[in-house]
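Secondary and tertiary structure notes
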Amino acid sequence: MALHGFKEMIEENDTVMLYINFSTIIPIKVSETTMNKKGDKEVENIYQTKYGALKVSDLIGKKFGHRVDLSKGFAYALHPSPELWTKSLPHRTQILYSTDIAMIILQLELKPGCVVIESGTGSGSLSHSLIRTIAPSGHLHTYDFHQQRSEKARVEFEEHGLKDFVTCYHKDVCEEGFGLENTADAVFLDLPHPWKVVPHAKKSLKRSGGRLCSFSPCIEQVQETCEQLKEHGFKEVNTIECLLREFQVRKITLPEFDPEFDPLDEKNDNSDNLPSEEDNQQKGMKRKHTGSSIMEAEKKFVTGVPLTSMPGHTGYLTFATLPPILS
């Protein structure tokens, strides 16, 4: 199942995103049998959820987006995408989420045909979005110093039909570099010591110039990286932080503003000058009575209210441009 394309019908060996609710999305490989937990015997592929069991082979021949019945409820069989994969992938490391991923792709100025270097591969969250952006004529070179993670990512890329667009390397780029020169349009770094890789990144970028992005959770890493970027001739160095702030739609009540109202004027105690209760109800307003005095009219309306709590800091994104080498 290719995450960079789309098809209508579910076939055997496809990857299907089983959508149960917003926080529960499960990737399932469609096959009639699967290995048991011990890994020594094939059994019928039946997936258990909190809403009951799903016989996976029943998905074959159905349309993507189709509602599937579980023994105690239902779910939806969605077509895989990089965004859904990010929400459901098996975490081998901390991952980047869609908010940061969107900013990275925008700032690196990626498009179909670009060649991108990524270090490290991690769980492959960013890798899938990069491949979708640069396919079908681009290529991703992704590096990880951990052999098992690199091999697992390579297997996932093959299962998702992406092997023609990506090459996985098991390598310590801080010490050995990328092994590529005058090749990449953009470089992305997610490393503990990104400043050590800046000289190697400069060699790997094309002589016509390119963009670099470094993701770092600590500001001290950002400071060291920025110094190295400037020392090696990078320009337009800037750092940003992406914070997602959610607003909820609420109905609230506020006093209606009256520019001619003077609370110190004794005439305002005369209720004859105020609109009648029937008029206020027709306009969606009401008057509040406090003893013998009448407060100003109130009105209900729908607005957006920011949440008192929000997702916190994930990391800093540092971007820089390598100018073309004209000589």
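Residues numbered from 1 in each chain as written. Predicted model: local features only at pLDDT ≥ 70, side-chain atom pairs only at ≥ 80, totals over all residues. Heavy atoms only, no water.

Taken in spatial order, the seven strands make up an open sheet running β11-β10-β9-β12-β13-β18-β14, and their pairing is mixed. The strands lining the two open edges of the sheet, one partner per strand, are β11 (166-170) and β14 (235-240). Direction aside, neighbouring strands of the sheet carry axes that sit 15° apart on average. Examined bridge by bridge, β14 and strand β18 (residues 316-322) share four bridges and lie antiparallel to one another. Opposite asparagine 238, over in β18, you have phenylalanine 319 as the bridge partner. Seen against the sheet, helix α3 (residues 125-134) touches β9 (115-119), β10 (139-144), β11 and β12 (186-189) and runs at an angle of roughly 165° to β10. (Pairing = 2+ DSSP bridges. Helix = DSSP H or I, 4+ residues; strand = E, 2+ residues; numbered from the N terminus. Axes fitted to C-alpha atoms, helices over the stretch in contact; angles between N-to-C directions. Contact = heavy atoms within 4.5 Å.)

Bringing the pairing of strand β8 (residues 73-78) into the picture now. With three bridges connecting them, strand β1 (residues 15-21) and β8 associate as antiparallel partners. By the bridge assignment for β8, leucine 18 is matched with alanine 77. Looking at chain direction, strand β7 (residues 66-70) and β8 are connected through five bridges and run antiparallel. Its bridge partner being in β8, arginine 67 is matched across the sheet by tyrosine 76. The hairpin turn running from β7 into β8, its antiparallel successor, is two residues long.

Tracing the sequence through the fold places proline 192 in the loop between β12 and α6 (198-204). A sequence separation of 29 residues divides proline 192 from glutamine 221, and the C-alpha atoms of the two residues are 7.8 Å apart.

With that settled, consider the pairing of β11. Consecutive residues of a regular strand have side chains that alternate between opposite faces of the sheet. Looking at chain direction, β10 and β11 are connected through five bridges and run parallel. Each residue of the ladder has a partner; that of tyrosine 143, found in β11, is tyrosine 169. Once you follow β10 into helix α4 (residues 147-159) and on to β11, the crossover reads as right-handed. (Right-handed = clockwise from strand over helix to strand, strands pointing away.)

This paragraph deals with helix α2 (residues 98-107). One turn of the α-helix equals 3.6 residues, which is why residues spaced by three or four share an orientation. Restricting attention to buried positions, one finds in α2 the residues Asp100, Ile101, Ile104 and Ile105. Projected onto a plane normal to the axis of α2, the buried residues spread over an arc of 130° and lie on a single side. Residues of α2 that are buried make contact with α1 (82-88), α3, β12, β13 (210-216) and β18. Directly after α2, the chain includes glutamate 109, whose backbone phi takes a positive value near 60°. (Buried < 20%, exposed > 50% of the residue type's maximum accessible area, 1.4 Å probe, protein only. Arc of directions from axis to C-beta.)

For the peptide bond that leads from serine 119 to glycine 120, omega is 0°, which places it in the cis range. Secondary-structure assignment places glycine 120 in the loop between β9 and α3. The omega torsion across alanine 135 and proline 136 is 10°, close enough to zero to call that bond cis. In this structure, proline 136 sits in the loop between α3 and β10. Even without a glycine there, the phi angle at glutamate 109 is positive, about 60°.

Below, the discussion takes up the packing of aromatic side chains. Taken as a whole and assessed by the stated rule, the structure comprises three aromatic pairs. Their ring planes at 10° and their centres at 4.4 Å tell us that tyrosine 143 and tyrosine 169 sit as a pair that is stacked. Note that tyrosine 143 is positioned in strand β10 and tyrosine 169 in strand β11, a separation of 26 residues in sequence. The class for tyrosine 143 is buried, based on a relative accessible area of 0%. Taken together, a centroid distance of 5.1 Å and an interplanar angle of 65° make the contact between tyrosine 143 and phenylalanine 178 edge-to-face. Taken as a pair, tyrosine 143 in strand β10 and phenylalanine 178 in the loop between α5 (173-176) and β12 lie far apart in primary sequence, 35 residues in all. Residue classification places phenylalanine 178 among the buried positions, given a relative accessible area of 4%. Feature note: the residues Tyr143, Tyr169 and Phe178 constitute an aromatic cluster, connected by ring pairs. (Phe/Tyr/Trp six-rings, centres within 6.5 Å; stacked < 30°, edge-to-face > 60°.)

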